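Structure assessment
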Amino acid sequence: MIKLEKISKHYQSAGGQVVHKVLNDISLEIRKGDSIAIVGPSGCGKSTLLNLMGTLDLPTSGKIIFDGVEINTLDDKKLSALRNKRIGFVFQMHHLLPQLNVLENILLPALANSSKNQLKLTSEKAIQLLSEVGLKAHLYKFPGQLSGGECQRVAVVRALINEPDIILADEPTGSLDYESAEQIGNLLVDLQTRKNMALMIVTHSLDLANKMKTRYSLLNGQLNQLK
Ligand code: ADP
Ligand code: MG
């Protein structure tokens, strides 16, 4: 589904004198049903790699191929359509809007471009997903009335609302206590299996990484598969 071919990402200092080689010649393929963890210390390039996979950034060299299409051949409109429909993002911070309730937060991306009828269907889907993650009772609550773990579950549902083929999660448990982190990790794995999506998580938590089928370490710009 997504293929990275010899991806490098280098950042230049302000004057352009110093080049920081964050990723070097990384190749990786992700298929439906895969669950992958990328582990490594802070600053090793995990977020950079995930952002490239999510088409949020372009590599310095190498190709990113999504279902056979090289993404740098797509214009902005096609690229954002691909991102919206096919990829779900979960970040360390839930980024829910405090002035909207749980249901509204999830429907927000659909509000602008949907007919009344579509919105009704999306709303039913949101309620179904919220029930699946144990939040049926909190539909009309505001983020400030929920725990960190509950907010992150809402963020997971928001990532799922367009039925993506892949979830990309950047330190999804990084701001949670042990128990909530366990719950979110198990929830992501459960959803990945039941909905036959791909899941790629970057994390420095080995607990979370161990829930994935495949694990890589990212060090000195290179991926190495872990046993
Ligand atoms: P991680 O997520 O593993 O903590 P990042 O991918 O965020 O690491 O960052 C990897 C390295 O690249 C860090 O040294 C960071 O300072 C640098 N970096 C990230 N984004 C930029 C940028 N936009 N410009 C310059 N350097 C960057
Ligand atoms: Mg990061």
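The rules behind the values
- Residues numbered from 1 in each chain as written.
- Chains lettered and ligands numbered in written order.
- Predicted model: local features only at pLDDT ≥ 70, side-chain atom pairs only at ≥ 80, totals over all residues.
- Heavy atoms only, no water.
- Helix = DSSP H or I, 4+ residues; strand = E, 2+ residues; numbered from the N terminus.
- Rg over C-alpha atoms; globule rule 2.2 N^0.38 Å.
- Buried < 20%, exposed > 50% of the residue type's maximum accessible area, 1.4 Å probe, protein only.
- Contact = heavy atoms within 4.5 Å.
- Lys, Arg positive; Asp, Glu negative; His and termini not counted.
- Charge placed at Lys NZ, Arg CZ, Asp CG, Glu CD.
- Near = heavy atom within 4 Å.
- Polar contact = N/O pair within 3.5 Å; in protein donor to acceptor, adjacent residues only side chain to side chain.
- Areas by Shrake-Rupley, 256 points an atom, 1.4 Å probe, with all protein chains shown as cover.
- Pairing = 2+ DSSP bridges.
- Axes fitted to C-alpha atoms, helices over the stretch in contact; angles between N-to-C directions.
- Core = buried A, V, L, I, M, F, W, Y, C linked by side-chain atoms within 4.5 Å.

1. Re the overall build of the protein
Helix and strand content of the protein: 7 helices and 10 strands. Scaling as 2.2 N^0.38, a compact globule of 227 residues should have a C-alpha radius of gyration of about 17 Å, and the protein matches this with 18 Å. Oriented by its inertia axes, the alpha-carbon framework of the protein measures out at about 50 × 40 × 35 Å. Relative to its 227 residues, the protein shows a buried fraction of 47%. For the protein, the proportion of contacts with a sequence separation of at least 24, taken over those separated by at least 6, is 70%. Once the 26 positive and 22 negative side-chain charges of the protein are each reduced to a mean point, those two points are 4 Å apart.

2. Topic: the site of ligand 1
Taken together, Tyr-11, His-20, Val-22, Pro-41, Ser-42, Gly-43, Cys-44, Gly-45, Lys-46, Ser-47 and Thr-48 are the residues near ligand 1. For ligand 1, a nitrogen atom lies 3.4 Å from a polar atom in the side chain of Tyr-11. A distance of 3.0 Å separates an oxygen atom of ligand 1 from a polar atom in the backbone of Gly-45. Isolated, ligand 1 exposes 560 Å² of accessible area, and the fraction of that covered by the protein chains is 57%. Of all the secondary-structure elements, those providing two or more residues to the shell around ligand 1 are strand 2 (19–30) and helix 1 (46–53).

3. Structural notes on the sheet that holds strand 8 (residues 198–203)
Taken in spatial order, the 6 strands line up as 6-7-8-3-9-10 in an open sheet, and their pairing is mixed. Of all strands in the sheet, those bounded by a partner on one side alone are strand 6 (87–90) and strand 10 (222–226). Going across the sheet, the axis of each strand differs from the next one's by a mean of 20°, ignoring polarity. Its contacts with the sheet place helix 5 (residues 148–160) against strand 6 and strand 7 (166–170), and it is angled at close to 165° to strand 6.

4. Examining the nonpolar core
If you look at the biggest cluster of nonpolar residues, it comprises 36 residues, and the most contacted ones within it are Ile-106, Leu-130 and Ile-167. Looking at this core, the elements that each hand over two or more residues are strand 3 (35–39), helix 3 (102–111), helix 4 (116–132), helix 5, strand 7, helix 6 (178–194), strand 8 and helix 7 (206–209). Residue contacts for Ile-167: discarding those within four places in its chain leaves Gly-88, Val-90, Ala-159, Leu-160, Leu-188, Met-197, Ala-198, Leu-199 and Met-200. Membership of the second largest hydrophobic core comes to 32 residues, among which are Ile-7, Ile-71, Leu-79 and Met-200.

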